[in-house]
Amino acid sequence: MENLLLRACCSTPGDGSTTAARQHPVVLAMGCGGGYDVFCALPMVYRAMEARSQNATSAFGVVLGSLSFSLVDEVTGRRFGDCVEVTPSSTLLHPENYKETTQQAEDLFEQASAAEAQGDFTTAISLYKKAERMGHDLRGKVDRASPLADGGYFPEYHLSCWLEKQGIHCPVYCFKRNGVVQLRESLNALVPALGITHIMLVDGGTDSLCFGDEDDLGTPAEDMSSIAAVWTLDSIPNEHKSLAAIGFGVELTVSHTLVLENIATLIKDGGLLACSSVLGDTVEGSAFRAAHDYASSHMQPSIVCSSIIASMDGHFGDYHPTKRTEGTTLFINPLMSQYWLFKLQSLASHIKYLPLIKTSRSFVETSLLISQFHASVLSKRCRKIAFDLPTDHNQSRLLDCTSECDNVLATTPLTKISALLHAHAVHPDHKLAVLLTTGSFNPPHIMHLQLMEIAKIHLEGSPGLSVVGGFISPSHDKYIAKKFRLEEERASAQHRCKMCDIATSGHEWISCDKWECNQYMEICCDTVSEHLLSTLRDAFPEHAHRFLVIYVCGIDVFPSVAGVFDSCSKEISCLCVAREGYNATEIGAERLVSRHPTRVAIACGGTPLPDVSSTHVRHLIATGGDTSPFIDPHVADYIRTNHLFSS
């Protein structure tokens, strides 16, 4: 592990330890993604910190830092801009401010989310800032409990306390989660004050290695704020900046095939400095485990650290070291406890949106800039590592039916469309229509599939057009969290995708598209439609000019989506299907069609959709009612197996 620290302090491969030691470098090892990320620096720096505490002339000085999730404005300690020195003696400036959840902050967050979904980013930024100032974490909750008390969230404080118990006095410098400009200013204040000569960012996970054109970026805002601030920091030479990532496989949505591809790109550029694994029976591994155990005895454990420790212990696959991951599928693997150390300059040169965020002045602005960039990338890289799933005989129907499109594989499965095209079942001169509908699918029921079937029948009555595929696209978890306030009312994106996979497994032409729910933020149906059109053209270039994407919806939601397709590609349109209990005239459907005649249409005639809702289905599940008329029996089996929608 010391070799990694030494390598981070060597400006070029070949620099020797003698030179590094003679200069007595002082390294800021900074958790770049907030939370427990700073703990992930411990195996690399622990021996150096231990030696320095016993001998002031030790070769390395180590300073710990963290882009903190805690409200650092409320903690006592030396300040360097928006950075505070946290020690075991830190106290709260205004303990009376910490109270239970406030409805006002939640209301502001919901208003901001609604403004963002409508494209009003100016209003959204203003409201997000107000919510954050009131204690909202911008990830769906308000936590006003004291961060220094047991149960409060302040991992940096607990790390400092644990180090003190080991005889190592080492404050943790906590940077306020703010814009890149403020973070850079705080670093400029801290660097000369502590004589820092090198900065090594540390990421617990590997989403910091995403370049921006992947189908899923993980949770990049904190990581990229740190990377952008250090990358543009003039007081430290570029050759003294590095990033270490540990936790390969820990993110549930990131394509780790693409992470490996990105690592290969960095190796070609000469950007990889070193690799090293953390072993459980070493001083460094033991210290990492003990520090996490100490912190998790005072607050919730870290999913990332727990998973890395499980990897150190030799566990593999869907092993759950903490209850926090129940209901998800993990990929514990030997590479999870390996460090990858890179030149920061090399990594930064490949992150496509980094120049866009270097002048951001708030965390909200950074998040929105990343989201806007990612939504604008219509052709994204998407590949997943396919590891073996359990094939228990009793569950084989639930698991094997999704082999073409499980969440470890491609997010937009094209197998069914490909089969139809290669079977020459379509007239060579016909336009190729692919249907799309979006929604919660919480859970999917018969009306969702009947909607698509009715649309297909209506469209195939048009001359020169063949329907070759259809997709149901589950909404993002952020949308679900706003729509369903109670946890027992909602299923995660992973569960909803699995249920949709099961529900569509027997259909010749309908599949589940996971692209939407894998994005960094919730997005509108027009963007989902554009992405699908781009995907089809890329996958079947010989038919690119023939594809049409037709967004299908029930008449109850038609007024809210009818106008959003006006700015889309001309090959994208919307078809509305009648539904029992809804009057087209009262809703104003005909008027909307007249306003957008080339973009929207109503499927006339035939039997309207039955008035079935997911709300009714969830009620039946919660009360033990009969769901067989409404949902696929295998979906019902999956719901029972995973205890969904029950209090």
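In case you missed it, the structure is sitting above this.
Structural notes, computed from the coordinates. (Residues numbered from 1 in each chain as written. Predicted model: local features only at pLDDT ≥ 70, side-chain atom pairs only at ≥ 80, totals over all residues. Heavy atoms only, no water.)

**Side note on the sheet that holds strand β15 (residues 600–603)**
Spatial strand order, β12-β11-β10-β13-β14-β15: six strands in an open sheet with parallel pairing. The open sheet terminates on both sides in strands that have one partner only, identified here as β12 (510–512) and β15. Ignoring which end each strand starts from, the neighbouring axes of this sheet average 30° apart. Against the sheet, helix α16 (residues 415–422) contacts β10 (431–439), β11 (465–474), β12 and β13 (547–554), and its axis sits at roughly 170° relative to β11. Set on the sheet, helix α17 (residues 446–459) makes contact with β10, β11, β12, β13, β14 (572–577) and β15; between it and β10 the angle comes to about 155°. (Pairing = 2+ DSSP bridges. Helix = DSSP H or I, 4+ residues; strand = E, 2+ residues; numbered from the N terminus. Axes fitted to C-alpha atoms, helices over the stretch in contact; angles between N-to-C directions. Contact = heavy atoms within 4.5 Å.)

**Brief notes about the pairing of strand β4 (residues 83–86)**
In β4, alternate side chains face the same way, and those of C83 and E85 on one face and V84 and V86 on the other are all buried. Pairing analysis gives two bridges linking strand β3 (residues 79–80) to β4, with the strands arranged antiparallel. Bridging from a neighbouring strand, F80 pairs with C83 of β4. Between β3 and β4, which pair antiparallel in sequence order, lie two residues; one of them, G81, sits at a positive phi of approximately 65°. Of the strand pairs in this sheet, β4 and strand β5 (residues 172–176) are connected by four bridges, and their pairing is antiparallel. Among the inter-strand pairings, E85 is bridged to a residue of β5, identified as Y173. (Buried < 20%, exposed > 50% of the residue type's maximum accessible area, 1.4 Å probe, protein only.)

**A few points about helix α25 (residues 633–641)**
Looking at α25, one finds that the buried residues are V635, A636, Y638 and I639. Taken down its axis, α25 places every buried residue within 160° of arc, on the same side. In α25, those exposed residues whose orientation departs by more than 90 degrees from the buried face are P633 and R640. Looking at the residues trailing α25, positive phi occurs at H643, about 55°. (Arc of directions from axis to C-beta.)

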